[in-house]
Amino acid sequence: MLGIPTVSDRIAQEVARRALEPILEPVFHTDSYGYRPGKSAIAAVRQARERCWRYDWVLDLDIRAFFDNLDWELVLAAVRLHTDCAWVLLYVERWLKAPVELEDGSIVARRSGTPQGGVISPLLANLYLHHAFDAWMAAEFPHIPFERYADDAICHCRSEAEARALWQAISAQLAEWKLELHPEKTRIVYCKDVNRRGDHPNIRFDFLGFQFRARKTRWVVRGKEVFAHSFLPAASPKALTRISREIRRWALHHRSDKSLEELAAFYNPTIRGWIGYFSHFYRTRVRPTLKRIDVFVIRWARRKYKRMVHQTKGGRDWFDRLRRKTPRLFAHWPLCYGNG
């Protein structure tokens, strides 16, 4: 459940965040990437990619309903370890225990968790998992690297046996912090590529919108092109499906009251955001999905210009002429058709 603070609470939470963050940042683990200055999801994916080349196995962790199950007393105890500032402790406790007002005006009490949507929530969640997971991993399994972004984490292991033992140890550790690994979504994955043989049930995993699996790659060795399979990330099918649904919800073809320049100006910021994120790795994977926008552009033209209503080829010819005349009108055209 999303918790949207009032304006006054949002301001107060920002003040508390700015008071806590300089204290907690030096403490946090270097492989914690979520909601931290100088860190990003792309940096986490890039580090995971490099480690998947060096380690054969991945333990893909999924914490069941993490934000809903944070134990308030454990959160407050963790905050007290790092500050004795009375007003910070007072307000953090109030924000944690605040009831929820539903659409009908009724008030519902809460017993655990920190609402997603609060300014202070990501920092508290990071602090919670720092003590429940990051610091514990560094102390108990310093030889096993990991990447964590909020409650999404993967660990890199040398063998399947090591991954299974780690799974059991993490389950026991998280239980002490009132958390539980999802038994079906937590998986052990074999990072299979051209140099790794054998049949295993799980040879791919999703992390931060990217799917890691063996992909055909072009290498240049001694001046010659060599094609092989390497374990690489690319936009995941789930992420591409979400983009496709968003494009369909735009219903661009029904906006015949707008000019194409107006539509491009309105949608380009979103398109650039998708490209900016997903083109970091195996950028060709996102092209077919972005080209779906062009189908709606052609439909828009047929509605706008009635002579093309029943002329499929006419619509496509019009689109090709438009794209050649204004190759950067839509943000995805350079990527999908050249110069991108």
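For the structure, see preceding data.
Peer 1: Would you mind going over helix α8 (residues 237-250) with me for this structure?
Peer 2: Side chains that are three or four residues apart share a direction in an α-helix, a result of its 3.6 residues per turn. For α8, spanning 14 residues, the distance from its first C-alpha to its last is 20 Å, which sits close to the expected 20 Å at 1.5 Å a residue. When α8 is considered as a whole, its buried residues turn out to be A239, L240, I243, S244, I247 and W250. Projected onto a plane normal to the axis of α8, the buried residues spread over an arc of 140° and lie on a single side. In this structure, α8 carries K238, R242 and R249 as exposed residues pointing more than 90 degrees from its buried face. A251, located one to two residues past α8, shows a positive phi value of around 50°.

Peer 1: What exactly am I supposed to notice about the sheet that holds strand β5 (residues 152-157) here?
Peer 2: Strands pair in a sheet through their backbones, by hydrogen bonds, and they do so in one of two ways: parallel or antiparallel. Ordered by their spatial adjacency, four strands build an open sheet running β4-β5-β1-β6, and the pairing between neighbours is antiparallel. Looking at strand neighbours, the two that pair on one side only are β4 (146-149) and β6 (187-190), the edges of this open sheet. Averaged over neighbouring strand pairs, the angle between their axes works out to 20° when direction is ignored. Where β4 and β5 come together, four bridges link them in antiparallel fashion. Counterpart to E147 in the pairing with β5 is I154.

Peer 1: I would appreciate a short explanation of a positive patch on the surface in the present structure.
Peer 2: A cluster of basic residues, R245, R248, R292 and R299, forms a positive patch on the protein surface. The set of elements that each furnish at least two residues to the positive patch consists of α8 and α11 (292-304). If you trace the backbone, R292 turns up in helix α11. By relative accessible area, R292 is classed as partly exposed at 32%.

Peer 1: Help me understand the pattern of salt bridges, please; the structure alone is not making it clear to me.
Peer 2: Once the charged atoms of two side chains with opposite charge are near each other, the side chains can pair. Evaluated as defined, the whole model comprises 15 salt bridges. One salt bridge connects E160 with R164, and the closest N-O pair in it is separated by 3.2 Å. Highlighted residues: E160 and R164, both in helix α7 (residues 160-176), separated by four residues, approximately one helical turn. Here D199 ties to K192 by a salt bridge, and the two come within 4.0 Å at their closest N and O atoms. Classification of D199 as exposed rests on a relative accessible area of 75%. Taking the relative accessible area as the measure of exposure, K192 reaches 25% and is therefore partly exposed. The network of salt bridges with common partners includes E14, R17, R18 and E21.

Peer 1: Looking at this model, I keep getting lost on unusual backbone geometry. Mind explaining?
Peer 2: Non-glycine residue K178 carries a positive phi angle of around 65°. Mapped onto the secondary structure, K178 falls in the loop between α7 and β6. In this structure, Y282 takes a positive phi of about 50° despite not being glycine. Inspection of the secondary structure puts Y282 in the loop between α9 (260-278) and α10 (287-290).

Peer 1: How do you make sense of the pairing of β4 when you look at a structure like this?
Peer 2: For a regular strand, side-chain orientation follows a simple rule: the groups alternate between the two sheet faces. Alternating residues of β4 divide into F146 and R148 and E147 and Y149, and every residue in both groups is buried. The loop that links β4 with its antiparallel partner β5 comprises two residues; one of these, A150, has a positive phi angle of about 55°.

Peer 1: Just checking my understanding: could you explain the packing of helix α6 (residues 121-140) against α7 for this structure?
Peer 2: When two helices pack together, their arrangement is given by the angle between the helix axes and by the axis-to-axis distance. Remark: α6 packs on α7, axes separated minimally by 10 Å, with the N-to-C direction vectors making an angle of 140°. In terms of orientation, α6 lies oblique with respect to α7. Crossing geometry of α6 relative to α7 is assigned as right-handed. Counting all contacts with α6, which are made through H131, A132, F133, W136 and M137, the residues of α7 involved are L166, A169, I170, Q173 and L174. For the contact of α6 with α7, the per-class residue count stands at eight nonpolar, two polar and no charged.

Cut-offs and rules
- Residues numbered from 1 in each chain as written.
- Predicted model: local features only at pLDDT ≥ 70, side-chain atom pairs only at ≥ 80, totals over all residues.
- Heavy atoms only, no water.
- Helix = DSSP H or I, 4+ residues; strand = E, 2+ residues; numbered from the N terminus.
- Expected span 1.5 Å × (residues − 1).
- Buried < 20%, exposed > 50% of the residue type's maximum accessible area, 1.4 Å probe, protein only.
- Arc of directions from axis to C-beta.
- Pairing = 2+ DSSP bridges.
- Axes fitted to C-alpha atoms, helices over the stretch in contact; angles between N-to-C directions.
- Patch = residues over 30% accessible without salt bridge, like charges linked within 9 Å, V, L, I, M, F, W, Y side chains within 5 Å.
- Areas by Shrake-Rupley, 256 points an atom, 1.4 Å probe, with all protein chains shown as cover.
- Salt bridge = Lys/Arg side-chain N within 4 Å of Asp/Glu carboxyl O.
- Lys, Arg positive; Asp, Glu negative; His and termini not counted.
- Charge placed at Lys NZ, Arg CZ, Asp CG, Glu CD.
- Parallel < 35°, antiparallel > 145°, perpendicular 65-115°, else oblique.
- Left-handed = near helix turned anticlockwise from the far one by under 90°.
- Contact = heavy atoms within 4.5 Å.
- Nonpolar A, V, L, I, M, F, W, Y, C, P; charged D, E, K, R; others polar.

Spatial relationships are all this shows, so hold off on functional conclusions.
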